Amino acid sequence: MRKTDKKIDNQLRQSLTEVCDHALAAYTGFEWLTHTVDFNTFPKSLRIVCVFDTEVHLTQFNHNGHKLELLQLIKGTLAKDGIVLNNIEQHVQFDTEAACAQQHHGNWALRLSGANQYH
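Here the residue numbering is sequential within each chain, running from 1 through the sequence in written order. Local features in a predicted model are, by the rule used here, given only for residues with pLDDT of at least 70; side-chain atom pairs are given and counted only at 80 or more, and totals for whole chains, interfaces and linings are based on all residues. Excluding hydrogens and water, the side-chain values take into account all heavy atoms of the structure.

*Asks:* In this structure, what is going on with the overall build of the protein chain? I would like to understand it.
*Replies:* Regarding its fold elements, the protein chain presents five helices and three strands. Elements are defined by DSSP. Helices are runs of H or I of four residues or more, strands are runs of E of two residues or more, and each kind is numbered from the N terminus. Counting from the amino terminus, helix and strand elements in the protein chain follow one another as α-β-β-α-α-β-α-α. With the radius of gyration taken over C-alpha atoms, the globule rule is written as 2.2 Å times the number of residues to the power 0.38. Taking 2.2 N^0.38 as the reference for a compact globule, 119 residues should give roughly 14 Å; the C-alpha atoms of the protein chain span a radius of gyration of 14 Å, in line with that estimate. Seen through its C-alpha atoms, the protein chain measures out along the principal axes to roughly 40 × 30 × 20 Å. Two residues form a contact once any of their heavy atoms are found within 4.5 Å. Nonlocal contacts in the protein chain, meaning residues at least 24 apart in sequence, comprise 59% of its contacts between residues at least 6 apart. Total accessible area on the protein chain stands at roughly 6800 Å², and carbon and sulfur atoms take up 50% of it. Of the charged side chains in the protein chain, 11 are positive and 13 negative, and the gap between their average positions amounts to 11 Å. Areas reported as accessible are Shrake-Rupley estimates using a 1.4 Å probe. Residue values count occlusion only from the protein chains shown. Charge counting treats Lys and Arg as positive and Asp and Glu as negative, with His and both chain ends excluded. Think of each charge as sitting on NZ of Lys, CZ of Arg, CG of Asp or CD of Glu.

In structure tokens, the structure reads:
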């Protein structure tokens, strides 16, 4: 990893930790988030996955209109660090612990390495 890549990754981690802390306090069933990125095509390759415990909580989150709120929070927080994502919905996906357990036997590394298959 190049020095500039490491700097960007640290910025991403700090920004996303801030978003995660907010989401943990604000949204029932929200558990964690993570990101993947190919620095050769950054920021286009940035993918953020927000994980809820169950499909029920993820559905409630969507029905309560919180998805747009969280997407805007992610976009704004990253923008403060100079990471501009024009279409945030292309970069953020939603998933559940329950779906990972059922489809990938709880193996998040395998699940995250797959194609864009989430909600």
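*Asks:* In this structure, what is going on with the sheet that holds strand E3 (residues 92–96)? I would like to understand it.
*Replies:* By the convention used here, strands pair only if DSSP detects at least 2 bridges between them. One open sheet accounts for three strands, arranged E1-E2-E3; its pairing is mixed. Strand pairing shows two members of the sheet lacking a second neighbour, strand E1 (30–36) and E3, which therefore form its edges. Neighbour-to-neighbour, the strand axes of the sheet open up by a mean angle of 25 degrees, direction not taken into account. The pairing of E1 with strand E2 (residues 47–52) spans six bridges and is antiparallel. Bridged to Trp32 within E2 is Val51. Only the stretch in contact is used when a helix axis is fitted, and all axes are lines through C-alpha atoms; the angle between N-to-C directions ranges over 0 to 180 degrees. Its contacts with the sheet place helix H1 (residues 3–26) against E1 and E2, and it is angled at close to 165 degrees to E1. Its contacts with the sheet place helix H2 (residues 55–63) against E2 and E3, and it is angled at close to 140 degrees to E3.

*Asks:* What should I look at first to understand the nonpolar core in this one?
*Replies:* Note that soluble globular proteins tend to have their nonpolar side chains buried in a common cluster. Nonpolar cores were defined as sets of buried Ala, Val, Leu, Ile, Met, Phe, Trp, Tyr and Cys residues, with membership established by side-chain atoms within 4.5 Å. Here's how the labels work: a residue is buried when its accessible area is under 20% of the maximum for its type, exposed when over 50%, partly exposed in between, all with a 1.4 Å probe on protein chains only. Cys50, Leu70, Ile74, Leu78 and Phe94 are the most contacted members of the largest nonpolar core, which totals 23 residues. Contributing elements (two or more residues each) for this core: H1, E1, E2, H2, helix H3 (66–80) and E3. Here the element with the most residues in this core is H1; it accounts for five residues. Contact partners of Ile74, with chain neighbours within four places excluded, come to Leu16, Val19, Ile48, Cys50, Ile88 and Val92. Core analysis: the next-biggest nonpolar cluster, separate from the first, contains five residues, Val49, Val51, Cys100 and Trp108 among them.

*Asks:* Would you mind showing me how to read the pattern of salt bridges here?
*Replies:* Side-chain pairs of opposite charge can arise whenever the charged atoms involved come near each other. Every case where a carboxyl oxygen of Asp or Glu lies within 4 Å of a side-chain nitrogen of Lys or Arg is listed as a salt bridge. The tally for this structure, following the rule as stated, stands at four salt bridges. Arg13 is paired through a salt bridge with Asp9; the nearest N and O atoms lie 2.9 Å apart. Taken as a pair, Arg13 and Asp9 lie in helix H1 at a separation of four residues, close to a single helical turn. Residue Asp9 is classed as buried on the basis of its relative accessible area, which comes to 11%.

*Asks:* For this particular structure, what's the right way to read the side chain of Arg111?
*Replies:* If you trace the backbone, Arg111 turns up in helix H5 (residues 108–113). Any N or O atom pair separated by 3.5 Å or less is treated as a polar contact, with the protein-specific requirement of one donor-capable and one acceptor-capable atom, and with residues adjacent in sequence counted only for side-chain atom pairs. Polar side-chain contacts of Arg111 include one of 2.8 Å to the side chain of Gln103.

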